[in-house]
Amino acid sequence: RYFERYGEPLFSSHMIDLSEEPLEENIETCVKYLTRMAKMKVGLEMELGITGGEEDGVNNEDVNPEDLYSKPEEIYQVYEALSKVPNGLFTIAA
C-alpha cells in the first residue's frame, strides 16, 4: 500500500530465511517474492544453509556436519533461479 500511495518502497530490501525448509521450496518461495519485489526495485536477501549451534530458538547442534553451511552447487542453483527474474535484485546469504 505504501508503494501504491507514494510510488516508492518503504524498504530497500527484505531478508527471507527459509533455510530450515527444503532447498526447492526455499527457491520456489523466493522466486515468487522476488518477482513481486522486482516491480518495486526492492532487493531480496535469501538465507541458504544452516549453521551449527542454536540461533533464533532453532537448535542445530546435532546436525550432520556435511549439512552445515552452503554447498557451491546449491548457491549456483539459487543463482540460476533468481537471475531469471526480470530486474530482480538479490543476494544469497550462504
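None of the values given here were measured: they were computed from a predicted structure.

Draft legend 1. Spotlight on the pairing of strand 1 (residues 13-17). Pairing between strand 1 and strand 2 (residues 43-47): 5 bridges, direction parallel. Counterpart to His14 in the pairing with strand 2 is Leu44.

Draft legend 2. Geometry of the pattern of salt bridges. Counted by the stated rule, this structure contains 1 salt bridge. We note a salt bridge from Lys32 to Glu28, for which the minimum N-O separation is 3.6 Å. Placement of both Lys32 and Glu28 in helix 2 (residues 23-38) is noted, with a separation of 4 residues, approximately one turn of the helix. Assessed through its relative accessible area of 52%, Lys32 is described here as exposed.

Draft legend 3. Up close: helix 3 (residues 72-82). Listing the buried residues of helix 3 in full gives Val78, Ala81 and Leu82. One side of helix 3 holds all its buried residues, which, seen down the axis, span an arc of 90°. In helix 3, the exposed positions that point more than 90 degrees away from the buried face belong to Pro72, Glu73 and Tyr76. Against the buried residues of helix 3 lie helix 2, strand 2 and strand 5 (90-93).

Draft legend 4. Seen up close, the side chain of Ser70. Topologically, Ser70 is positioned in the loop between strand 4 (58-59) and helix 3. At 3.0 Å, the side chain of Ser70 forms a polar contact with the backbone oxygen of Leu48. Here Ser70 is in contact with Leu48, Gly49, Ile75 and Ala94, once residues within four sequence places are set aside.

Draft legend 5. Spotlight on the confidence of the model for the protein chain. Summing up the model confidence of the protein chain, the mean pLDDT is 89 and the portion of residues at 70 or higher is 90%. Mean pLDDT values for the elements of the protein chain range from 65 in strand 3 (residues 54-55) up to 97 in helix 2.

Draft legend 6. Summary view of the packing of aromatic side chains. Counted under the stated rule, the structure contains 3 aromatic pairs. Residues Tyr79 and Phe90 carry aromatic rings whose centres are separated by 6.2 Å and whose planes lie at 55° to one another, so their mutual orientation is tilted. With Tyr79 in helix 3 and Phe90 in strand 5, this pair connects stretches of sequence that are 11 residues apart. What makes Phe90 partly exposed here is its relative accessible area of 21%.

Draft legend 7. Geometry of the nonpolar core. In terms of nonpolar packing, the biggest core is built from 15 residues, with Ile27, Cys30, Leu44, Met46, Val78 and Leu82 touching the most fellow members. Listed by contribution, the elements that provide at least two residues to this core are helix 2, strand 2 and helix 3. Considering every element that reaches this core, the biggest residue donor is helix 2, with 6 residues.

Definitions and cut-offs
- Residues numbered from 1 in each chain as written.
- Predicted model: local features only at pLDDT ≥ 70, side-chain atom pairs only at ≥ 80, totals over all residues.
- Heavy atoms only, no water.
- Pairing = 2+ DSSP bridges.
- Helix = DSSP H or I, 4+ residues; strand = E, 2+ residues; numbered from the N terminus.
- Salt bridge = Lys/Arg side-chain N within 4 Å of Asp/Glu carboxyl O.
- Buried < 20%, exposed > 50% of the residue type's maximum accessible area, 1.4 Å probe, protein only.
- Arc of directions from axis to C-beta.
- Contact = heavy atoms within 4.5 Å.
- Polar contact = N/O pair within 3.5 Å; in protein donor to acceptor, adjacent residues only side chain to side chain.
- pLDDT = per-residue confidence, 0-100.
- Phe/Tyr/Trp six-rings, centres within 6.5 Å; stacked < 30°, edge-to-face > 60°.
- Core = buried A, V, L, I, M, F, W, Y, C linked by side-chain atoms within 4.5 Å.

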